[in-house]
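Each chain, letter by letter, is given below.
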Amino acid sequence: MFGEARESVNGVHDMGGMHGFGPVVRERDEPVFHADWERRMFALALAVMGSRSFNIDEYRRTIERMPPARYLAASYYERWLYALENLLIEKGVVAGAEIEVVVAALRAHPSSATTKVAAKGEASSHDHTESGPGALSEALVGERSLRRDQSFHPRFKPGDSVLARNVNPEGHTRIPRYARGHHGTIFRDWGVFVFPDTHAHGAGAKPQHCYAVEFDGRELWGGDHPAAERIYIDLWEDYLEAATTDAQSLSRGAPVHSLKSGAKGRSTKRPRKPVEKKTAPASHDT
């Protein structure tokens with residue numbers, strides 16, 4: 001029932017720019033929830049995150065642990081359920097055997113799913129301890145305050161030319177594969193946010209500015225795309241480097257595959273033409 005505790009940053013979840021998965025079918029008048037269990041799944045996830053048992057970045061990196069075939073076959077909230085179960089076990093809130101027992105009981109007696117089971121020492125509806133809804137509100141207020149914290153000075157400003165670093169970390173990251181190693185322009189500074197790559201693994205919040213970065217469609221997808229096509233990606237400072245002027249000029253038109261600012265084994269210098277040896281002019285040419 002539970003997946004292996006492994007993850008790959010370049011896993012099947014990072015599907016941006018990939019082909020072969022069929023068309024994206026848009027459901028007309030799609031409801032927020034397709035079934036009651038999805039509604040409950042959403043509430044459970046918010047409740048547990050509100051209790052600070054785990055954070056949203058840990059939630060994402062746990063979804064990334066799903067085996068590829070299972071991930072592709074799962075619906076949106078089935079992935080949420082997978083993450084909730086595995087994180088509750090990982091954090092020691094419940095044991096895997098406990099969940100297995102409950103699932104087996106519900107399969108044997110489906111009607112019991114609507115029966116409320118009160119846990120020993122369950123808090124009343126008037127209890128406003130740290131595990132209640134108030135904790136979630138408090139956490140959100142804290143995030144909003146951090147976003148406007150003037151003590152975190154931005155490295156970039158709108159209009160700056162940047163390079164999305166070509167990185168392949170072993171753990172969770174929010175920089176998509178299709179943007180790595182490409183040039184863009186800072187479009188907007190969203191403020192300060194916790195850094196997901198460290199936050200997802202209990203390595204600290206590492207707050208920093210997050211920017212909306214504008215990319216030319218031809219830079220990401222190739223020269224056959226429309227010149228006016230623009231893609232905007234939210235990227236944290238640790239994902240970005242300042243782009244040099246000559247490298248940025250090369251990114252106009254054909255995609256740039258080499259950068260002076262640090263991509264390994266790459267160079268922004270254009271190949272030099274071989275120099276032809278000249279012989280001394282004949283006497284009749286003088």
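In short, a report on the structure. Only a predicted model underlies this, so the values are computations on that prediction, with no experimental measurement involved. (Residues numbered from 1 in each chain as written. Predicted model: local features only at pLDDT ≥ 70, side-chain atom pairs only at ≥ 80, totals over all residues. Heavy atoms only, no water.)

### So, the overall build of the protein
When you go through the protein residue by residue, the secondary structure sums to nine helices and five strands. Secondary structure elements of the protein occur, N-terminal to C-terminal, as α-α-α-α-α-α-β-β-α-β-α-β-β-α. For the protein, the proportion of its 286 residues judged to be buried stands at 34%. Sequence-distant contacts, at least 24 apart, represent 65% of the contacts inside the protein between residues at least 6 apart. Just so you have it, the protein exposes about 18600 Å², and 55% of that area is on carbon and sulfur atoms. (Helix = DSSP H or I, 4+ residues; strand = E, 2+ residues; numbered from the N terminus. Buried < 20%, exposed > 50% of the residue type's maximum accessible area, 1.4 Å probe, protein only. Contact = heavy atoms within 4.5 Å. Areas by Shrake-Rupley, 256 points an atom, 1.4 Å probe, with all protein chains shown as cover.)

### Re the sheet that holds strand 2 (residues 183–193)
Reading across the sheet, the five strands line up as 4-3-2-1-5 and stay open at both edges, with antiparallel pairing between neighbours. Strands at the two margins of the open sheet, each flanked by one partner only, are strand 4 (230–236) and strand 5 (240–242). Strand-to-strand twist of the sheet, defined as the mean angle between neighbouring strand axes without regard to direction, takes the value 45°. (Pairing = 2+ DSSP bridges. Axes fitted to C-alpha atoms, helices over the stretch in contact; angles between N-to-C directions.)

### Things to note about the packing of aromatic side chains
Tallied over the full model, the rule gives 13 aromatic pairs. Here the aromatic rings of Tyr59 and Trp80 are separated by 5.6 Å at their centres, their planes lie at 75°, and the arrangement is edge-to-face. Of this pair, Tyr59 sits in helix 2 (residues 56–63) while Trp80 sits in helix 4 (residues 76–90), and the two are 21 residues apart along the sequence. The same class applies to Tyr59 and to Trp80, which are both buried. Residues Phe156 and Tyr211 carry aromatic rings whose centres are separated by 5.8 Å and whose planes lie at 75° to one another, so their mutual orientation is edge-to-face. (Phe/Tyr/Trp six-rings, centres within 6.5 Å; stacked < 30°, edge-to-face > 60°.)

### Regarding helix 1 (residues 36–50)
Note: α-helices contain 3.6 residues per turn, so residues at a spacing of three or four share the same orientation. Helix length check: helix 1 (15 residues) gives 21 Å between terminal C-alpha atoms against 21 Å at 1.5 Å per residue, within 8%. Arg52, located one to two residues past helix 1, shows a positive phi value of around 65°. (Expected span 1.5 Å × (residues − 1).)

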